[in-house]
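A structural walkthrough
As a plain string of letters, each chain reads:
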Amino acid sequence: MTQRNSENATILIIDDEEQIRGLLKELLRVEYECTDVASAEAALAVLSRKNFDLVISDINMDKISGLDLVPQILKSAPDTVVVMISGQATIDYAIEAMRAGAFDYITKPLDLRHVENAVRRALSHHQLLADERRYENHLEELVKERTAEIEHLAYYDRLTDLPNRNLFIDRCTQAVAAAQRNDALVGVMRASLDRFKKITETLGHAAGDVVLTEAAARLHHCIREGDTVAHFDGEEFALLLSQVRKGDDLVEAAMAISDAFSEPFQVGEQEVFVTTSIGISLFPANGEDVATILRNAGAALYRAKRQGGNNYQFYTAEMNAQAVQRLSLETSLRRALEKEEFITHYQPVVNLSSGEVIGSEALVRWRHPDFGILPPARFIGLAEDTGLILHLSNFVMRTACQQTRLWQERGFGRLKIAVNISARLFQQRDFGDRLVEILGQTRLDPFCLELELTETSIMENAESAVELLTQIRKLGVKVAIDDFGTGYSSLSYLKRLPIDTVKLDRSFVNGATTDPDDAALVMAIVTLAHNLRLRVVAEGVETEEQLAFLRLLRCDEGQGYLFGKPMPPESFESQLTGDPKRKLHVLSQALRRDSKRMRSAVNE
C-alpha cells in the first residue's frame, strides 16, 4: 500500500460520544497525529485554521449532522477524505454517506480491525486525491472500485467473504435448472455450529468471529470446484453440491465435514472444539423447487440439533409432518395474540424479614381453547423463534403494570411488580420509549416496577446494555438479574452493572439445605450482593427449612410455592383482602396443606 509518511498523517475525529472519540484516538494516535472534537460546529472552527488528511465523523449529531458537514469539509479542503460512522448497518445508509461525499462507512459497535483497514484505505485515497490534478482518469477507476465493493456486500458475507443467502439461492436455482435439463441430482446441506452461542458468551464476539472465519475456510476445503459454500445467519452455513451421482456422495461430504472439524480451533491462547449439525435434502427426491429443498434441509437440520448435535440427518416425510405441526402451532400462537388468549398470573414476592407480601412477579399463561392453561415452556421458545415474543412481552408488561396500579388504588399498599423482559425485546431500539409509554398509560409509579433480565441478555452487548439500564434506572424503574448463576456465573461483573437486585436461581435454593456446596454458594452470593448494596430475591422457596436458612443469611425477599404458586389476579387479590401485610406464618400455614399438590404442579 502507498502511504505518505503515515506517522505525519493528520486525522480529525468528530463524535458526540466521548467514549467513541477516546477509543479512536487511543487506537490511531500511535501512527497518526489525531485531534478530536465533540460537534460539527467545533470541527468547522478547527478546519478553518487547519486542513486534515482524514476526517472521521459520526452521522447523527445535534444541529449539523455528519451528512451535512461533509460537503462543507470538501468545499474548503477538496483533498480531505471523510469516513462516516453510524449505528445503522444497512447498505442504504452506506450509499447515502457515499452520496454526501464520504469515502467509506464504519458501523457501530466499532470493529477495530475494520477501523484500521478503513483508515489505511482512506489515507491511501488521500494520497491519490493529492495527485488528482495530474491523474484525473484515476478517479473514475476508484469510483468503480468502490461501487464494486458495495455491490460485493450485497451478495457476499462481510465477515467470511462467502456468498450470502441471496447469492446461494441464485446459484441453487441455476443448479436445479441444469439438473432438470440433464436429469441429474443436486444436494443441499445446511450446517450449524453446535453450541456456538456458548463460545460467544464465554470468550466474546471477537472469538466467535474467529471461529466463524475458520469454519468457513474448513467448509470450503470440503467441496469440489463448482460447488458453493455460503454463510447464512449467525452460526449457520449452507452447501450446494451440484456433482452428486447418488445419496452416498452426500454421506461422504457430511463425513468430510465432520473430519474437518475434528481438530480444535485456536482462539488466542484458547483451544476450542466445535462440532456441526447437518441437515441434507436432495433434488428431486425432496423437492422440485429451491424453496422446498432449502426448507426440507432446514427441517433435517432441526432434527440433527434435536438429536444432540454432531450428526447429520437426511430429510424424511416424518420431518415434514413435524414441520407442519410446528407451523400449525405457530399459526395458533399468532391467533392467540389476536383473540387475547394469553393471561397473566401473579406469584407473591415476600419480605423474608417481616413476612410482608410486597408485590408479585407476572408470569404469562396461554389459555388454549383445546389444551387448557399452557405454561410458558410450551410456547415461549416458539415465540422467540418467530419474533412474536415482542408482542407477547409488551402485553405482559402492560397488563402487569395496569393490574398493579389497580390493586394500589383499591388500598393494598405500594405493591411492586416484577416483569420478565426477553432478550429480543430488550435489544429493540425503542425499548426505552415503549417502557415510558406503558408507565404513562397505566399511571404506575416507576419505583413500583422491576424489570427482570437474564445475565446472557445483558452481556450479549454489555456496553449498550449498561447505557440503556442506566437510563431505565434514572426513571426510577428497578433492574434485576434473573436466574443468577445459570448464565455467565460470574460474580465480578455485578459491580459494573447498573442493577438493583439479584434473583437467586431455584436450583441453588433447592439444594441449599441438603448440599453443603449449594449452601456455600448461596451464602457467598448473598454476602457479595449485600456488600455491593444489591437486594437478593430467592426463587423456588418450597420448604420451611429453606426459608429458615435464607432468613439466617438475611436474604431480602423470596418467592416460591411455600408462599404461593402463580395464580390469576383475583386469587392473588383474595390473599391481600383486609390486610396487604400478610405474614409468613399465615401464608405458609394456608399453603402447607396443599404443599404436595403444588410441588407436583406444572413448573413455572
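Because the structure is a prediction, the values reported are computed rather than measured.

**Points about the packing of aromatic side chains**
Counted according to the given criterion, the structure contains nine aromatic pairs. Centroid distance F168 to F232: 5.6 Å. Interplanar angle 80°. Geometry classified as edge-to-face. On the criterion of sequence distance, the pair formed by F168 in helix 7 (residues 165–182) and F232 in the loop between strand 7 (228–231) and strand 8 (236–244) is long-range, its members being 64 residues apart. Comparing F168 with F232, the two get one shared label, buried. Each ring, one from W366 and one from F379, has its centre 5.7 Å from the other, and the planes form 90°; the classification is edge-to-face.

**Details of the pairing of strand 4 (residues 81–86)**
In terms of burial, strand 4 is a largely internal element, six of the six residues being buried. Burial along strand 4 is two-sided: the face carrying V81, V83 and I85 and the face carrying V82, M84 and S86 are both buried. Pairing analysis gives five bridges linking strand 3 (residues 54–58) to strand 4, with the strands arranged parallel. Among the inter-strand pairings, I56 is bridged to a residue of strand 4, identified as V83. Crossover connection from strand 4 via helix 4 (residues 91–100) to parallel strand 5 (residues 104–107): handedness right-handed.

**Describing the side chain of Q408**
Its location among the elements puts Q408 in helix 14 (residues 389–409). A relative accessible area of 16% means that Q408 is categorised as buried. In this view, Q408 contacts G413, R414, L415, L444 and C448; residues no more than four positions away in its chain are not counted.

**Section: the sheet that holds strand 4**
Overall, parallel pairing links the five strands, which are arranged 2-1-3-4-5 in an open sheet. The open sheet has two edge strands with one neighbour each: strand 2 (33–37) and strand 5. Across the sheet, the axes of successive neighbouring strands diverge by a mean angle of 20°, strand direction being ignored. Direction of pairing for strand 1 (residues 10–14) relative to strand 2: parallel, over a ladder of five bridges. By the bridge assignment for strand 2, I14 is matched with V37. Each of strand 4 and strand 5 is contacted by helix 4, which is oriented at about 140° to strand 5, the strand it contacts most.

Rules behind the numbers
- Residues numbered from 1 in each chain as written.
- Predicted model: local features only at pLDDT ≥ 70, side-chain atom pairs only at ≥ 80, totals over all residues.
- Heavy atoms only, no water.
- Phe/Tyr/Trp six-rings, centres within 6.5 Å; stacked < 30°, edge-to-face > 60°.
- Helix = DSSP H or I, 4+ residues; strand = E, 2+ residues; numbered from the N terminus.
- Buried < 20%, exposed > 50% of the residue type's maximum accessible area, 1.4 Å probe, protein only.
- Pairing = 2+ DSSP bridges.
- Right-handed = clockwise from strand over helix to strand, strands pointing away.
- Contact = heavy atoms within 4.5 Å.
- Axes fitted to C-alpha atoms, helices over the stretch in contact; angles between N-to-C directions.

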